[in-house]
Amino acid sequence: MAVFYKLYQIMKEGSADQGKWRVRVVPQGVVTTKELAKIMEQNCTVKSSDINAVLRELAETMKTSLLDGNRVVLDGLGAFKVTLKCTGTEKKEDFKI
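1. Some thoughts on the packing of aromatic side chains
Piece 1. Applying the stated criterion across every chain yields a total of zero aromatic pairs.
Piece 2. Above the face of the Tyr8 ring, Arg24 is positioned so that its terminal group lies 3.9 Å from the ring centre.

2. A few points about the sheet that holds strand β3 (residues 30-32)
Piece 1. Spatially, β3-β4-β5 is the arrangement adopted by the three strands of the open sheet, whose pairing is mixed. With partners counted over all chains shown, the strands left at the sheet margins are β3 and β5 (78-80), one partner each. For this sheet, the mean angle separating the axes of adjacent strands, direction not counted, is 20 degrees.
Piece 2. Both strand β4 (residues 71-74) and β5 contribute to a ladder of three bridges, which runs antiparallel. Looking at the pairing, Leu74 lines up with Gly78 of β5.
Piece 3. On the sheet, helix α1 (residues 33-43) packs against β3 and β4 and is oriented at approximately 70 degrees with respect to β3.

3. Notes on the environment of Gly76
Piece 1. Note on placement: Gly76 falls in the loop between β4 and β5.
Piece 2. Along the primary structure Gly76 and Glu13 are separated by 63 residues, whereas in three dimensions their C-alpha atoms are 39 Å apart.

About the criteria used
Residues numbered from 1 in each chain as written. Predicted model: local features only at pLDDT ≥ 70, side-chain atom pairs only at ≥ 80, totals over all residues. Heavy atoms only, no water. Phe/Tyr/Trp six-rings, centres within 6.5 Å; stacked < 30°, edge-to-face > 60°. Lys NZ or Arg CZ within 6 Å of the ring centre and 35° of its normal. Pairing = 2+ DSSP bridges. Helix = DSSP H or I, 4+ residues; strand = E, 2+ residues; numbered from the N terminus. Axes fitted to C-alpha atoms, helices over the stretch in contact; angles between N-to-C directions. Contact = heavy atoms within 4.5 Å.

Here it is as structure tokens:
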């Protein structure tokens, strides 16, 4: 499992961070609700009495997909992705994760 990222330099003139380097997560694909359901179907039974098990499995499956560098889209709920927060640096070579 890996999070893929790309360094970029802030070029906006007048910005307090102009010239500094930042990091941006690069999604490796999209995992939809239908695809998650297929994975979950392999891992558990889906009956109304098993709803708690299904919700726990959904959380674990989403976590794995996110840690694999994918975006997770749950129809009618929203899209999820991993983000990073960092402090900008003056030089690219000074940037550390």
